[in-house]
Amino acid sequence: MRSTGVHHVDLVVSSIERSLPFYTELLGPLGFNRVGEVEGERGETIWYLSGPGTSLGLRQARSESDPYDRYRVGLHHIAFEAESRAQVDDRAAWARTQEVEVENDGREYTYLQGYYATFFYDPDGLKLEIVHVPGLVAA
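(A) Molecular detail of the side chain of His132. Tracing the sequence through the fold places His132 in strand S8 (residues 127-132). Look at His132 and you get buried, because its relative accessible area is 10%. Among the polar contacts made by the side chain of His132, one reaches the main-chain carbonyl oxygen of Ala82 at a distance of 3.2 Å.

(B) Looking closely at the pairing of strand S7 (residues 116-121). The buried fraction of S7 amounts to six of the six residues, a majority that puts the element mostly inside the structure. Taking every second residue as pointing to the same face, both faces of S7 are buried, with Tyr116, Thr118 and Phe120 on one and Ala117, Phe119 and Tyr121 on the other. With four bridges joining them, strand S6 (residues 102-108) and S7 adopt antiparallel strand pairing. Each bridged residue has a counterpart across the sheet, and for Arg107 the counterpart in S7 is Ala117. Pairing of S7 with S8, which is carried by six bridges, proceeds in the antiparallel orientation. Each bridged residue has a counterpart across the sheet, and for Thr118 the counterpart in S8 is Ile130. A loop of five residues connects S7 with S8, the two strands running antiparallel in sequence, and Gly125 in this loop sits at a positive phi of about 95 degrees.

(C) Representation of the sheet that holds strand S5 (residues 77-81) within the structure. Across the sheet, four strands lie side by side as S5-S8-S7-S6; this open sheet has mixed pairing. Each edge of the sheet is formed by a strand with only one pairing partner; in this case those strands are S5 and S6. Taken pair by pair, the neighbouring strands of this sheet meet at an average axis angle of 15 degrees, ignoring direction. Each of S6, S7 and S8 is contacted by helix H2 (residues 85-96), which is oriented at about 165 degrees to S6, the strand it contacts most.

(D) Summary view of the pattern of salt bridges. Applying the stated rule across the entire model yields eight salt bridges. Between Arg59 and Glu44 there is a salt bridge whose closest N-O contact spans 2.5 Å. Taken together, the residues Arg59 in strand S4 (residues 54-60) and Glu44 in the loop between strand S2 (34-39) and strand S3 (45-51) connect sequence positions 15 residues apart. For the pair Arg59 and Glu44, a shared accessibility class is recorded, and that class is buried. With a closest N to O distance of 2.9 Å, Arg96 and Asp105 form a salt bridge.

(E) Quick peek at the packing of aromatic side chains. The final tally for this structure, using the stated rule, is seven aromatic pairs. Seen from their ring centres, Phe32 and Phe80 are 5.9 Å apart, and the 90 degrees between their planes marks the pair as edge-to-face. With Phe32 in the loop between helix H1 (16-27) and S2 and Phe80 in strand S5, the pair connects residues that are 48 residues apart, well separated along the chain. Accessibility classification places Phe32 together with Phe80 in one group, the buried group. Seen from their ring centres, Tyr109 and Phe119 are 5.5 Å apart, and the 85 degrees between their planes marks the pair as edge-to-face. Taken together, the residues Tyr109 in the loop between S6 and S7 and Phe119 in strand S7 connect sequence positions 10 residues apart.

(F) Broad picture of the environment of Pro21. Along the chain, Pro21 turns up in helix H1. Sequence separation between Pro21 and Leu49 is 28 residues, and the spatial gap between their C-alpha atoms is 11 Å.

(G) Up close: the pairing of S3. Where burial is concerned, most of S3 is hidden: five out of the seven residues are buried. As defined by bridge partners, S2 adjoins S3 across six bridges and the pair is classed as antiparallel. In the strand pairing of S3, Val35 is matched with Leu49. Here S2 hands over to S3 after five residues, with Gly43 in that stretch at a positive phi of 85 degrees. Hairpin connection between S3 and S4: a loop of two residues separates the two successive antiparallel strands, and Gly53 in this loop has a positive phi of roughly 80 degrees.

About the criteria used
Here, residues in each chain are numbered from 1, in the same order as that chain's written sequence. With pLDDT at 70 or above as the cut-off, local features in this predicted model cover only qualifying residues; side-chain atom pairs require 80 or more to be listed or tallied, and sums for whole chains, interfaces and linings still use all residues. Note that the side-chain values use all heavy atoms of the structure and ignore hydrogens as well as water. What counts as a helix is a DSSP run of H or I of at least four residues, what counts as a strand is a run of E of at least two, and both are numbered from the N terminus. Note on exposure labels: buried denotes an accessible area under 20% of the residue type's maximum, exposed denotes more than 50%, and partly exposed covers the range between, all computed with a 1.4 Å probe on protein chains only. Side-chain atoms alone can form a polar contact between residues adjacent in sequence; in general such a contact is a pair of N or O atoms within 3.5 Å, and within protein one must be able to donate a hydrogen while the other accepts it. At least two bridges found by DSSP between two strands is the condition for calling them paired. Lines are fitted to the C-alpha atoms to define the axes, a helix being fitted only along its stretch in contact, and any angle between axes, read from their N-to-C directions, falls within 0 to 180 degrees. Contacts are assigned to residue pairs with any non-hydrogen atoms lying within 4.5 Å of each other. Here, a salt bridge means any Lys or Arg side-chain nitrogen found within 4 Å of an Asp or Glu carboxyl oxygen. Between 30 and 60 degrees the pair is tilted, below 30 it is stacked and above 60 it is edge-to-face, where a pair is any two Phe, Tyr or Trp rings, Trp via its six-membered ring, whose centres lie within 6.5 Å.

Below, the structure is given as structure tokens:
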């Protein structure tokens, strides 16, 4: 299905060897089943995980920087849509098997009626959310 929303998001990671398997395993059950490589503007490899209507790009950091801080200018967190509460719970359970911080298991929030989500962090400390809202997932 073609999206009229976000086409792709690229993340710069400290270790592609750590982050590519992390995101591949995290997002595979959410429909991100194709991984392709393209050459970036500086000759670097970008790995794209393609999913329902969007892609996530991962590229290796090329310079040293301060640790990620989601309250600086930039990205606060990324939310990936799940087809069901069970899928949210499954991804939360998977996150607990990784060497990352898990903020919470799936629970309801008051953002929208039926909003059910889990929050955790990727290997570089980027906050991630897996969310299900009844009626919002495209068929």
